[in-house]
Amino acid sequence: MATVWFADNERALATAFGSLSMPLGCIMGMVIGPFYVSDDDITNGMGRDHIKTYMLDSAIICTLMSVWTVMFYREKPMHYPSKAATQSDKEEFDFKKDLKLLFANKNYIFMIISQNLLYGVYTCLGAIINNLVVPFGYTSSNSSLFGVVFIFFGLVGSFKASSYLDRTQKYL
């Protein structure tokens, strides 16, 4: 997608933004969550109803955003931003063959392993951060803030690295 829609000097940043959109959504969830459910709600039994409301509101927001994407998405731009984008439209892809080529590439295997390890650490920390900080006197709202800071600075580092790659073209 980045090849077709973005110029050569914008591709790394576009790919980073696309792949990091899920952590941005997680930040939004961590910021918005405490407005729906507080520590007092959990102790007085209102937490379940507030969590249901939070989940319903999240589903409505995601659905509305998805509808716009489905309605206005085009497969390719009217004017290609680069020569590579123009040529990509003419290429035929064979999924099995391409997958075999990828798994024969040692650099790709290394990248998959490192990405999965990093994603696993990120997901596990997000899942247990509340359990880690509550014994030290922090509230659930504080743990949400810690999660936001953790994800935010990871995103800042990713955007800095991708913009550096766009400028220098030093991918290896």
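Up top is the structure these notes are about.
Since this is a predicted model, take the numbers as computed values, not measurements.

Peer 1: Tell me about the overall build of the protein chain, and name the residues and values.
Peer 2: Regarding its fold elements, the protein chain presents nine helices and zero strands. Relative to its length of 172 residues, the protein chain is extended, with a C-alpha radius of gyration of 21 Å against a globular reference of 16 Å. On the principal axes, the C-alpha backbone points of the protein chain span a range of 60 × 40 × 35 Å. Per-residue burial over the protein chain gives 18% buried out of 172 residues. Residue pairs at least 24 apart in sequence account for 67% of intrachain contacts in the protein chain once pairs closer than 6 positions are excluded. Positive and negative side-chain charges of the protein chain, numbering 14 and 14 respectively, have mean locations separated by a distance of 11 Å.

Peer 1: Tell me about the packing of helix α3 (residues 21–36) against helix α5 (residues 47–72), and name the residues and values.
Peer 2: The interhelical angle for the contact between α3 and α5, taken along N-to-C directions, is 140°, at an axis separation of 9 Å. By the angle between their directions, the pair α3 and α5 is classed as oblique. Where α3 crosses over α5, the two elements pack in a sense that is right-handed. Contacts between α3 and α5 involve G29, I32, G33 and Y36 from the first element and H50, T53, Y54 and D57 from the second.

Peer 1: Give me the lowdown on the packing of aromatic side chains, citing residues and values where you can.
Peer 2: Overall, the coordinates contain five aromatic pairs when judged by the stated rule. On the basis of an interplanar angle of 85° and a centroid distance of 5.8 Å, the ring pair of F103 and Y108 is categorised as edge-to-face. Residue classification places F103 among the partly exposed positions, given a relative accessible area of 48%. Considering the side-chain rings of Y138 and F146, the 5.1 Å spacing of their centres and the 80° angle between planes classify their relative orientation as edge-to-face.

Peer 1: Let's hear about a nonpolar patch on the surface: which residues, and what values?
Peer 2: A cluster of nonpolar residues, F136, Y138, L145, F146, V149, F152, F153 and V156, forms a patch on the protein surface that exposes about 790 Å² of accessible area. Note on placement: F146 falls in helix α9 (residues 140–168).

Rules of the game
- The numbering scheme is per chain: residues are counted from 1 as the chain's sequence reads.
- Where totals are concerned, whole chains, interfaces and linings use all residues; where local detail is concerned, this predicted model gives features only for residues with pLDDT of at least 70, and gives and counts side-chain atom pairs only at 80 or more.
- In computing side-chain values, all of the structure's heavy atoms are included and hydrogens and water are not.
- Secondary structure is summarised from DSSP: a helix means a run of H or I of at least four residues, a strand means a run of E of at least two, and numbering begins at the N terminus for each.
- Every radius of gyration here is taken over C-alpha atoms, with the globule rule written as 2.2 Å times N^0.38, N being the number of residues.
- Each residue gets one of three labels from its accessible area relative to the maximum for its type: buried under 20%, exposed over 50%, partly exposed in between, using a 1.4 Å probe on protein chains only.
- Contact definition: two residues touch when any of their heavy atoms are within 4.5 Å.
- The sign given to each residue is positive for Lys and Arg and negative for Asp and Glu; His and the chain ends receive no count.
- Charge positions are represented by NZ for Lys, CZ for Arg, CG for Asp and CD for Glu.
- Orientation is described by axes fitted as lines to C-alpha atoms, over the contacting stretch for helices, and by angles from 0 to 180 degrees between their N-to-C directions.
- Oblique is the label for any angle not covered by the other classes, which are roughly parallel (under 35 degrees), roughly antiparallel (over 145) and roughly perpendicular (65 to 115).
- Take the far helix as the reference: if the near one is turned anticlockwise from it by less than a right angle, the crossing is left-handed, and if turned clockwise, right-handed.
- The rule is short: rings of Phe, Tyr and Trp, with Trp giving its six-membered ring, pair when the centres are within 6.5 Å, and they are stacked under 30 degrees, edge-to-face over 60, tilted in between.
- Patches were defined on residues exceeding 30% relative accessible area and lacking a salt bridge, with like-charge contacts within 9 Å and nonpolar side-chain contacts (Val, Leu, Ile, Met, Phe, Trp, Tyr) within 5 Å.
- Accessibility throughout is a Shrake-Rupley quantity obtained with a 1.4 Å probe, and a residue counts as covered only by protein chains that appear here.
- We define a salt bridge as a contact between a side-chain nitrogen of Lys or Arg and a carboxyl oxygen of Asp or Glu at a distance within 4 Å.

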